[in-house]
Structures are given as C-alpha cells and as structure tokens.
Amino acid sequence: MADAMSTLTPPSAQARTAAAERLAGLATPAGALGRLGELGVWLAAVQGQCPPLVPQNVRAVIFAGDHGVAAHGVSAYPAAVTPAMVRTFAAGRAGVSALAHTHDVHVRVLDIAVDDDLEGIDPDVQRFKIRRSSEPLHLTDALTMAETQAALEAGARIAAEEIAAGAQLLISGDMGIGNTTPATALIAMSLGMPAVEVTGRGTGIDDAAWEHKKDLIQQGLDRVNARADQDGELRPVEILAALGGADLAAAVGFMVAAARAGVPVLLDGVIAVACAVMADRIEPGAAAWFAAGHRSTEPAQSLALDKLGLEPLLDLGMRLGEGSGAVAAVPVVRSAAALLRDVALLSELAI
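Calculation notes
Residues numbered from 1 in each chain as written. Predicted model: local features only at pLDDT ≥ 70, side-chain atom pairs only at ≥ 80, totals over all residues. Heavy atoms only, no water. Helix = DSSP H or I, 4+ residues; strand = E, 2+ residues; numbered from the N terminus. Expected span 1.5 Å × (residues − 1). Contact = heavy atoms within 4.5 Å. Axes fitted to C-alpha atoms, helices over the stretch in contact; angles between N-to-C directions. Parallel < 35°, antiparallel > 145°, perpendicular 65-115°, else oblique. Left-handed = near helix turned anticlockwise from the far one by under 90°. Nonpolar A, V, L, I, M, F, W, Y, C, P; charged D, E, K, R; others polar. Buried < 20%, exposed > 50% of the residue type's maximum accessible area, 1.4 Å probe, protein only. Pairing = 2+ DSSP bridges.

Trainee: Would you explain helix H2 (residues 34-47) in this entry?
Mentor: Given 3.6 residues per turn, any residue in an α-helix points the same way as the ones three and four places further on. Over its 14 residues, H2 runs 21 Å from end to end, which matches the ideal 20 Å to within 8%, given 1.5 Å per residue. Turning to H2, the residues buried within the fold contact helix H1 (13-25), strand E5 (290-292) and helix H12 (324-342). The first or second residue beyond H2 is Gly-48, which carries a positive phi of 70 degrees.

Rendered as structure tokens:
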C-alpha cells in the first residue's frame, strides 16, 4: 500500500466554488455563519455536490494497541487498562459510547496490538490483530517493516468495510496506554522539533514523569535521526515503523484509504492527528479530506494541526481519546450541512 501509485483525487473544486457562492447568497448577513459556513463549503467539496448532504451514516473505528514504551514510566495508568477498556467499548459503556449513542454514530473497536488474548470477546474484534504490543521506541524500532505494512493494509481493509457499510463520514479513535508517546514522537519527527517543545502530559502524569517522557521521546528521535544521517532521508513508512505502533499504522492506512476513496475523515486528538500527518506524508494531499473535530490539551496536536492547515471545530479541554472529541463534533458537522442546504437564498426573499 505504502509504495502504491497514488490514486488520490482532490475534493471537487467545482462543488467548493458553488458552495462558496451559495453561502454568499444565503439570507444571512455576510460572514454571520462563521466557521459553520466554511465547514459547509468543505463538506460540499468532499461530497462533490452543492448543497451538501447532512451526514447521517457516521462510523467510528477505535484502533486499540499497547506500546512497549508504556513499561518505562510514561503513563499515569498501567497497561492492563487497555484490554479492560476494549471490553468496555465492546459493552458500549465507554465515554465515546455514550456520545456515539447520543449522536447516532456507529462505533467499532478492533484489537490491533493489545497485549492480551482478550478471551471470550467477539472474534471480530481481533480479526485484524498484528501482534501483541510494540517494542519500546526509545530503544529499538516499534515494529518491523513487514508488520508496519501489514498494519497499513489492515487499516485499508477496515476503511473499505466501513465505506461498504455506507459511511458518509469516518472517525479514527484510539485506545492504548502510553500511545501519546509514539504519537508525539511521530509529530516531532515530522515537524523537525525536539521533544521538549511538543510533549504533553498524556493521561495526566506528574512533573517527574513528564520530564522522563520527554527524555524517552528524544532518545527515540535521536536514534532515528542517526539512522537518517547514515542512510539518507527515511521514507514515512520507515519512520512509522521506527516510532509508531501497529494500532497507529492501521489508523494511517485507514485514513489513506478513506482519502483515496473520497470519504471524509473527522479527526480526534493527538493520536488521530499524528496518524493524519503520516497519512498525508504517505499520500500527499490526503489532508484535504480531513477536518479537525476538536483541540486536545496535547501541544503536539495543535502544532500538527497547524502543519495540516486545519482548525479544530471544538475546544473543550478534552484529552480522553477514543474518538470522543470527534464524535462530540458530529452535530456541528451536521449543522453546517443543514444550514447550507436549508437556509433561504436572498434571491428568494420577497423584498
């Protein structure tokens, strides 16, 4: 997948122009709809029609996986939380589950690299499992290239299944103790920034753990940069293997496949945005198919959104992950489409 010839088509310029003209002609003061108007224009472009449809079939996939670096003091919670939360998702009792039920969003959880056998759980949850956990990224590559490629291809197959189920808007969620560490490392590597400038507190670690987390991320960056100095510029897939994890790689494949299929993706927090950065590096132009659901408290997420040219729809101080911030933004997306579709035009008024 990563080396395949690009099959990406950009969003429709014609629909974007028509939507912008329609927005300007609505029976509202100029600019009165603010970001909602801009979002409606984006929806028209990615749907290739004006006015846009209100997305009804919204489907979120939670990519679950453990990370070897979690055993080295970067999280406030033990790795045992990951399989426990997968079971909670499957039971429909997690934070994202409550939001999804309220906003009519379909949620699917998949074990990509959970360090547990998850006995007794629905076999479909483990159908795309690549391995148990990843290697600690500050010491060695998180994945082999073969595992990375397998995860990318799994993500593409998952996207194809969701699209076949009628998805009009996709969301990539995450679950994995320690996963803000590889996500931050990927963003830092992509932006060429040191760990000290991008690392957040993840699940709420104290000052000592925060400093330790920065050190481990910088060790990983130094290790990969040394390889680049020796071997030349590394391909995005090589960086993903070195600093990511199978769950993150699957989410990258999911986003690349969605963009290639012309299905928009609503991004969540730092994990999803890190994957979006890598997806756009693997498939330049993919970011045109992405919108940012919310701003998380992680500094790396805001920096990466700036790189992608995306402004988040919500800013609620959330850092739950799971796809929850994106699901919370779904009503905003639907509102934008409805406004552009249903508000009268000035030309229709009897004045």
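Trainee: Is there a simple way to think about the packing of helix H9 (residues 246-261) against helix H10 (residues 270-282) in this case?
Mentor: How two helices pack is summed up by the angle between their axes together with the distance between the axes. Contact geometry of H9 with H10 gives a least axis separation of 8 Å together with a crossing angle of 60 degrees. As judged from the angle between their axes, H9 and H10 are oblique. Taken as a pair, H9 and H10 cross one another with a handedness that is right-handed. Residues Leu-248, Ala-251, Val-252, Met-255 and Val-256 of H9 lie in contact with H10, whose contacting residues are Ile-271, Ala-272, Cys-275, Ala-276, Met-278, Ala-279 and Ile-282. In terms of residue class, the contact of H9 with H10 is made up of twelve nonpolar, no polar and no charged.

Trainee: It is not clear to me how the pairing of strand E1 (residues 58-65) should be interpreted in this structure. Could you clarify?
Mentor: On any regular strand, side chains alternate: one points to one face of the sheet, the next to the other face. The buried fraction of E1 amounts to eight of the eight residues, a majority that puts the element mostly inside the structure. Across the two faces of E1 the burial is the same, with Val-58, Ala-60, Ile-62 and Ala-64 and Arg-59, Val-61, Phe-63 and Gly-65 all buried. Pairing between E1 and strand E2 (residues 105-113): eight bridges, direction parallel. The residue of E2 that forms the bridge with Phe-63 is Leu-110. Alignment of E1 against strand E3 (residues 169-175), held across seven bridges, turns out to be parallel. The residue of E3 that forms the bridge with Ile-62 is Gly-173.

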